[in-house]
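Residue-level structure breakdown
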Amino acid sequence: MSHRMEILGESAKELGILLTSFQLDQFETYFGELADWNQRMNLTSVVEYKEVQVKHFLDSLTVVLAIPGGLGSLRSVIDVGAGPGFPGLPLKLAYPELRLALVESVGKKADFLKHLVSTLGLADVEVHTGRAERLAHQPELREAFDLVVNRALARLPVLAEYTLPFCGTGGIMVALKHGGIDAELVGAAHALEVLGGRMGKVTPVEVTGLTDNRILVAVDKTGSTPDGFPRRPGIPAKRPL
C-alpha cells in the first residue's frame, strides 16, 4: 500500500515545495472531508484519490510558478470563487504563514469551507459568503491583498473586474486557465487598463501529471481600481468592459 498523498508529495517537489508529514496529513484530511461532503452536495466531479491529488491539490500549488519572489514573499492571499477551496486552501496548507480569505457566493460551499478550516485547525483564514461584486466594496477587503487567485471563474475581462478590486497596488492576480486563449488575453487589455491592472507573465504549467495545456495568467496591479468597480452583481458578466 502506498503512503498517503504520495503523488502530491513527490510532484510538489517539482514546484520547489517540500511538504512535511504533518502537511501531507492535512491534505489527507482535506481529501476525506471533500469525499464525504461530496456525497451530499456537488462540490466536485473529481473524487478519485489519485485525481484529487493531481487535478485539485497539485494544480492549486502551481500558482507558485507565477510569483516572481515565490509565495514566501507574500503575506496575504484571497481566493475569489473558491468553490471547495481551490486554489486557496492548498496554498495555505503549503504556506501556513499566509493570511487567507476565501470568497464563495454559494452558501453550502461556504459552509464546507468553514467546516474544513475548523477541522484542520487553520489560523488566519476567513470565509466570506457573498458575491465578489459586493464584497470587493467592503473597506476591510478592498485592495487589501498581495495576491488574488482564482480558478476557472470567467473570461479575463470579467474575471479582472471580479478580482482586481481586492488586490493592493503592487500586488498580483493569478488566474489558473487552459492555453489557446490568445484572443481572450488581447481582448482583456482595455478592462485591465480601466481597473488598474497590466498584463503580466503567462506561464505554461509543466509538471508531471498535469497534461491538459494548463497556464497561469498573471496580472500586475499597477494602480488603484476606481470606486465604481466592480459594478453591481451580474453586470460585469452581462456587459464586460
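Structure: see above.
Let us look at the overall build of the protein chain. The helix and strand inventory of the protein chain stands at ten helices and seven strands. What you see for the protein chain is a C-alpha radius of gyration of 17 Å, in line with the 18 Å of a compact globule of 241 residues. Projected onto the principal axes, the alpha-carbon positions of the protein chain cover approximately 55 × 35 × 30 Å. Relative to its 241 residues, the protein chain shows a buried fraction of 56%. Carbon and sulfur atoms provide 52% of the accessible area of the protein chain, an area that totals close to 10600 Å².

Below, the discussion takes up the packing of aromatic side chains. Pairs of aromatic rings are described using the distance from one ring centre to the other and the angle between the two planes. Here the structure, examined in full by the defined rule, presents six aromatic pairs. With a centroid separation of 5.6 Å and 15° between ring planes, the pair formed by Tyr30 and Phe86 is classed as stacked. Here Phe86 lies in the loop between β1 (76–80) and α4 (88–94) and Tyr30 lies in helix α2 (residues 21–38), a separation of 56 residues in the sequence. Residues Tyr30 and Phe86 agree in their burial class; the two are buried. Geometry around Trp37 places Arg40 over its ring, the cationic atom sitting 5.1 Å from the centre.

Here the focus is the packing of α2 against helix α3 (residues 49–61). Helix packing geometry: the angle between the two helix axes and the distance between the axes. At their nearest, the axes of α2 and α3 sit 11 Å apart, and the two run at 110° to each other. If you check the angle between α2 and α3, you find them roughly perpendicular. Counted together, Phe27, Glu28, Tyr30, Phe31 and Leu34 of α2 and Tyr49, Val52, His56 and Phe57 of α3 form the full contact between these two elements. Tallied by class, the residues present in the contact of α2 with α3 amount to seven nonpolar, one polar and one charged.

Right, let's talk about helix α7 (residues 156–163) for a bit. Burial of α7 is extensive: eight of the eight residues sit out of reach of the surface. Three or more residues of α7 are buried, namely Leu156, Pro157, Val158, Leu159, Ala160, Glu161, Tyr162 and Thr163.

With that settled, the discussion passes to the sheet that holds strand β5 (residues 167–178). The strand order β3-β2-β1-β4-β5-β7-β6 describes an open sheet built from seven strands, whose pairing is mixed. The two strands at the open ends of the sheet, each matched to only one other strand, are β3 (125–129) and β6 (197–204). Put simply, the sheet's adjacent strands are angled 20° from each other on average, direction ignored. Pairing of β1 with strand β4 (residues 145–151) involves three bridges; the strand directions are parallel. In the sheet register, Val77 faces β4, and the bridge partner there is Leu147. Lying on the sheet, α3 is in contact with β4, β5 and β7 (214–221); it crosses β4 at an angle near 150°. Strands β2 (99–104) and β3 of the sheet are contacted by helix α5 (residues 107–120), whose axis makes an angle of about 165° with β3.

As a further point, take the pairing of β1. The element β1 is extensively covered by neighbouring structure, given that five of its five residues are classed as buried. A two-sided burial pattern is seen for β1, the buried positions comprising Ser76, Ile78 and Val80 on one face and Val77 and Asp79 on the other. Pairing of β1 with β2, which is carried by five bridges, proceeds in the parallel orientation. Note on β2: the bridge partner recorded for Val80 is Val103. Since β1 and β2 lie parallel, the crossover through α4 that links them has a hand, and here it is right-handed.

It is worth spelling out the environment of Arg4 at this point. Positionally, Arg4 belongs in the segment before α1 (6–12). We classify Arg4 as partly exposed; its relative accessible area is 28%. Along the sequence, Arg4 and Glu28 sit 24 residues apart, while their C-alpha atoms lie 6.8 Å from each other. A polar side-chain atom of Arg4 sits 2.6 Å from a polar atom in the side chain of Asp25.

Next up on the list: the environment of Gln138. Note on placement: Gln138 falls in the loop between α6 (132–135) and β4. Owing to a relative accessible area of 29%, Gln138 belongs among the partly exposed residues under this scheme.

This part takes up the pattern of salt bridges. Considering all chains together, one arrives at twelve salt bridges under this definition. A salt bridge links Lys55 to Glu51, with the shortest nitrogen-to-oxygen separation between them at 2.9 Å. Of this pair, Lys55 and Glu51 both sit in helix α3, four residues apart, which is roughly one turn of the helix. With its nearest N and O atoms 2.7 Å apart, the salt bridge here joins Lys177 to Glu184. Just as Lys177 is buried, Glu184 falls in that class too.

What counts and how
- Residues numbered from 1 in each chain as written.
- Predicted model: local features only at pLDDT ≥ 70, side-chain atom pairs only at ≥ 80, totals over all residues.
- Heavy atoms only, no water.
- Helix = DSSP H or I, 4+ residues; strand = E, 2+ residues; numbered from the N terminus.
- Rg over C-alpha atoms; globule rule 2.2 N^0.38 Å.
- Buried < 20%, exposed > 50% of the residue type's maximum accessible area, 1.4 Å probe, protein only.
- Areas by Shrake-Rupley, 256 points an atom, 1.4 Å probe, with all protein chains shown as cover.
- Phe/Tyr/Trp six-rings, centres within 6.5 Å; stacked < 30°, edge-to-face > 60°.
- Lys NZ or Arg CZ within 6 Å of the ring centre and 35° of its normal.
- Axes fitted to C-alpha atoms, helices over the stretch in contact; angles between N-to-C directions.
- Parallel < 35°, antiparallel > 145°, perpendicular 65-115°, else oblique.
- Contact = heavy atoms within 4.5 Å.
- Nonpolar A, V, L, I, M, F, W, Y, C, P; charged D, E, K, R; others polar.
- Pairing = 2+ DSSP bridges.
- Right-handed = clockwise from strand over helix to strand, strands pointing away.
- Polar contact = N/O pair within 3.5 Å; in protein donor to acceptor, adjacent residues only side chain to side chain.
- Salt bridge = Lys/Arg side-chain N within 4 Å of Asp/Glu carboxyl O.

All quantities given are derived from atomic positions and should not be read as evidence of function.
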